[in-house]
Amino acid sequence: MAEREMNMAKPTLLLIDGNSLAFRAFYAMINQVERFVNHEGLHTNALVAFNNFLDGIVEPFDPDYALVAWDAGKTTFRTDKYDDYKGNRDKTPSELSEQFPYLREMVTLHGIYSYELPNYEADDIIGTTAKDAQAKGFDVTIVTGDRDMLQLVDEHIEVWITKKGVSELEHNDLAMVDEKYDGLTPAQIVDVKGLQGDTSDNYPGVAGIGPKTAIKLIKAYHSIPELYEHIDELKANKQKEKLVNGEADAKMSRDLARIRTDAPVEFELDDLKYTGPDYENIIPFYQQLDFKQQLAKLANQGHVLGASISGDASEETAAPSTTPVPLIRLSEDPTDLIPDYTDEISFYVELDDADYHTAAPVGFIFGNEAQGYVVGRDIDVLLIDPVKTMLENADVKKRVFNAKALYVLFLRYEVELQGLEYDILLMSYLVDTNDNSNDLGALAQQNDYYDVQTDEAVYGKGVKFEIPEDDQIFFEHLGQKARALEILPARLLQKLDDREQTDLYKNMELPLSIVLAEMEATGIKVDSQRLLMMGNDLAERLSDLEQKIYQEAGHEFNIQSPKQLGVVLFEEMGYKPIKKTKTGYSTSVEVLEQMQDVPIVKMILEYRQIAKIKSTYVEGLLRVVHGSDSKVHTHYIQTLTQTGRLSSTDPNLQNIPVRLEEGRLIRQAFVPSSSDCVLVSSDYSQIELRVLAHISGDKNMQAAFNADEDIHAATARRIFNLPEGEDIDPNMRRKAKAVNFGIVYGISDFGLAKNIGVSRKEAKEIIDTYFAEYPGIKQWSENIIDFARENGYVETMAHRRRYLPDMHAKNFNVRSFAERTAMNTPIQGSAADIIKIAMLNVQKALETEGLKTRMLLQVHDELIFEVPKAELEIIHELVPKVMDSAMALDVPLKVSSHEGATWYDAK
DNA sequence: CACACGTTT
DNA sequence: ACGTGAAACGTGTGT
């Protein structure tokens, strides 16, 4: 019997309320409505969410039959009966209504029957079909956002109600309805609704009867008709009066709430066979909607998206498959087969690890579509002529992905790559800083090219990462990458041009990538011995502190666990929690510093400080020192930050301690690589405020800088109305400094108050005075926010661009954050532009002067050099001169330099 | 993998 | 009333 049931499983039918889901989909993503707009200006947020629903829920469900029902129009038999039916609904926003035709097309392309019936609502189509199918032995599932549909639940009919947007569904079967309606049957829901009414569908029910009473009455009398048959039996009271008065309304409302199961639908169940997505035709549809993620997914599943090499647009979607990549595999006499490349080539080298300073190359490809691509595993081929010569020939332009990594790699083989013209990674980043994936496949997809898979898809990730042994698979992937490199530069150049970023790319970022490569490859020497000694010392202090802390606490616990520490302090020891985090008590410095008088807290603060130094800076640093040269070789990431700054990893040399003496000592471990060199550090003074003074045009701030005043003191004088010439109270200067910083970040009175320890009211007055004293800054802030709101992005002085889709967010916090970003990015980003130009010019000057000085590090407003003692004098003159003339502002740039035997001493 | 925390400019 | 200053990276805990 059991076996028979398994073999004879009922066919499944999925019925979807299209309108209801479309509304849910639209409002689920209403915050992002302006972010989802395709190239034709069509809003696509509901389409995106609806598509996710079709892919994420319908496809896995894989019904035998499926139907999406739509409302045909505004007038139905219900509006004939009751003029005001759904009469209080807001007009459908145009952003949604324009999506309906596409929603229907999308449904059809997913292999689902789409249907509407004049004079009826989607509910009635579904009700009719559900009951019909049930009678014919189907298992029916209904998906809707409308709880009224629960009335259709039956032995073989489930109703799934959308919960969160359209991505989560609540399953309702007979048992669920029984539970929710306190023992009532689905059919009785219309009776409850009839009494209680419905504000969203705008039918009245009985005035004064709510859901609780309605359920109680229907439980007692089974239905509205029966209730009124027995109305005389009711106790004479207010409730009875209401029911008597509302009889007509109740009966009409019940009628409106009742979903029809006899609508004159014109299809047969057989018409509803679910056929699954129509891949061939859904691709152009997705392309029209700019559904990049969907297209990427399809590409990764092996569907041919057909952006073929010919570039012929009309062929793009029609072409059934792409031309095979012309691969040239080398055999015994490799060089014979290598074409003579003279113009442009794609060039890509695959590494076995992300750290290109040490990774082993495991494959390469170079060439072009016309002459073919030479592909192989053994990189030695690249190190001998004729290939080596070609790689060093600036006239052969290379199209690459990550020029910096490639350049560093080849320095290892003493090859200086030339002609690195097109770096897809860098170009994509400049066009949109959010396109900062480190994967060629992913970036290609962001730029509408779908034939190259992501590395993760081909190689796997984490422990499963493996370069395929199969030449066919591996070389094909490399081939697709090379082809992407052939196609993408033209598209990206166009985009750069559209954004006036050609100069930024060609003359700043691209040459900078080579400068960075040389800095990384040079590296900075680390005195490991010194670090080890510091580590031992710190370990001792830690274990002392640890014992004392345990003693105070009365037992051992993990001091490094905020959770355990919270229990000790705020439960066992009974101190009052000052602040909470999402997960429990906060134990941050901010909190602990307010509890300084407690001995254990003081020790915990010290423990934290030392533990941080030991783990992050002593042990962390030692882990990444290269055995071969006792140096650390950081990786500057040029394509990550949203503002144009660099970032530094493995190790991060941009956050080496300096503020507190204990941590600052770490800098003693950074030393010159040779005994006849010293380290020189040159840093911009107040670069961000100078940039602000320039771009805002504020005359008062400009005057302060032009007179070489102490800007924080000058600000203090202004906001606290202090007389000229008199000494500034250090505390006032401190506050003024905090305000200056705050302004750069787009501060609130609350934030400033917290920061400098004054009342919020005082903070507000300070900010108001600040803006009154520096009116140009106030004006500029307002202007830049307006600009961002209108254009959706802000720019730096060098046309670096950051998109800010959240300027129109409904959520106050999200929007405010975008507004602060609109102010901060041009400031921080223009400062980044300036130091990047300075780096290029410094490097050029060092080369043309034939100096042995090497630029080692950049820390946002500071450059660190290794300088032979013989060159010290010239460097102290040359570097500040080059740095302060990097860009001409309306205020001077000021640079100071310091030298020392270690980084610590160069202060 | 997310969170809390702490370090820099 | 909301909730509250920008940009980053690394370590450790805990799920």
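Note that the coordinates shown come from a computational prediction; the quantities given were computed from them, not determined experimentally.

S.K.: I would appreciate a short explanation of the protein's contact with DNA strand B in the present structure.
M.R.: The immediate surroundings of DNA strand B are formed by 20 residues, with Thr 587, Val 589, Arg 608, Arg 645 and Arg 659 found nearest. The contact atoms of DNA strand B, taken as those within 4 Å of the protein, divide so that sugar and phosphate hold 86%. At 3.1 Å, a side-chain N or O of Lys 612 approaches a base nitrogen of DNA strand B. A distance of 2.8 Å separates a phosphate oxygen of DNA strand B from a polar backbone atom of Val 658.

S.K.: I'm lost on the protein's contact with DNA strand C in this one. Help?
M.R.: Ser 561, Lys 563, Arg 623, Asn 755 and Phe 817 are the nearest of the 40 residues found near DNA strand C. Put simply, 64% of the atoms of DNA strand C that lie within 4 Å of the protein are in sugar or phosphate. Separating a phosphate oxygen of DNA strand C from a side-chain N or O atom of Ser 647 is a distance of 3.0 Å. In the model, a base oxygen of DNA strand C is placed 2.7 Å from a nitrogen or oxygen of the Arg 760 side chain. Breaking the surface near DNA strand C down by element, the ones donating at least two residues are α26 (562-572), α28 (599-623), β16 (647-649), α33 (730-745), α34 (749-756) and α37 (812-848). Considering every element that reaches the surface near DNA strand C, the biggest residue donor is α37, with seven residues. Taken together, the residues that form the surface near DNA strand C break down as eight nonpolar, 24 polar and eight charged.

S.K.: Looking at this model, I keep getting lost on unusual backbone geometry. Mind explaining?
M.R.: Among all residues save glycine, negative phi is the norm, and among peptide bonds the norm is trans. Between Asp 385 and Pro 386 the backbone carries a cis peptide bond, its omega angle lying at 5°. The omega torsion across Asp 650 and Pro 651 is 0°, close enough to zero to call that bond cis. As for its position among the elements, Pro 651 is in the loop between β16 and α29 (661-664). One non-glycine residue, Asn 119, lies in positive phi territory at about 80°. Structurally, Asn 119 is set in the loop between β3 (113-116) and α7 (122-135). Residues other than glycine seldom take positive phi values, yet Ser 630 does so here, at roughly 55°. Here Ser 630 is to be found in the loop between α28 and β14 (631-632).

S.K.: When you look at the UniProt feature "domain: DNA-directed DNA polymerase family A palm" (unreviewed entry) in chain A in this model, what are you seeing that I'm missing?
M.R.: Taken from the UniProt record, the annotation "domain: DNA-directed DNA polymerase family A palm" (unreviewed entry) applies to residues 663-871. Within the segment residues 663-871, helix and strand shares are 58% and 13% respectively, and the terminal C-alpha atoms sit 30 Å apart.

S.K.: I tried to follow the sheet that holds strand β23 (residues 895-900) on my own but got confused; where do I start?
M.R.: Within a sheet, adjacent strands bond to each other through the backbone by hydrogen bonds, running parallel or antiparallel. Read from one edge to the other, the open sheet built from four strands follows the order β21-β22-β18-β23, with strand pairing classed as antiparallel. Taken across any chain shown, the strands that pair with only one partner, and hence form the sheet edges, are β21 (854-858) and β23. Taking each pair of neighbouring strands and ignoring which way they run, the sheet shows an average axis angle of 25°. Relative to strand β22 (residues 862-868), strand β18 (residues 677-684) runs antiparallel, the two being bridged by seven bridges. Directly across from Val 678, in β22, lies its bridge partner Val 867. Contacts between α37 and the sheet are confined to β18, β21 and β22, with β21 contributing the most and set at about 165° to the helix.

Rules used in this analysis
Residues numbered from 1 in each chain as written. Chains lettered and ligands numbered in written order. Predicted model: local features only at pLDDT ≥ 70, side-chain atom pairs only at ≥ 80, totals over all residues. Heavy atoms only, no water. Near = heavy atom within 4 Å. Polar contact = N/O pair within 3.5 Å; in protein donor to acceptor, adjacent residues only side chain to side chain. Helix = DSSP H or I, 4+ residues; strand = E, 2+ residues; numbered from the N terminus. Nonpolar A, V, L, I, M, F, W, Y, C, P; charged D, E, K, R; others polar. UniProt positions renumbered as here; feature names shortened; annotations may be inferred. Pairing = 2+ DSSP bridges. Axes fitted to C-alpha atoms, helices over the stretch in contact; angles between N-to-C directions. Contact = heavy atoms within 4.5 Å.

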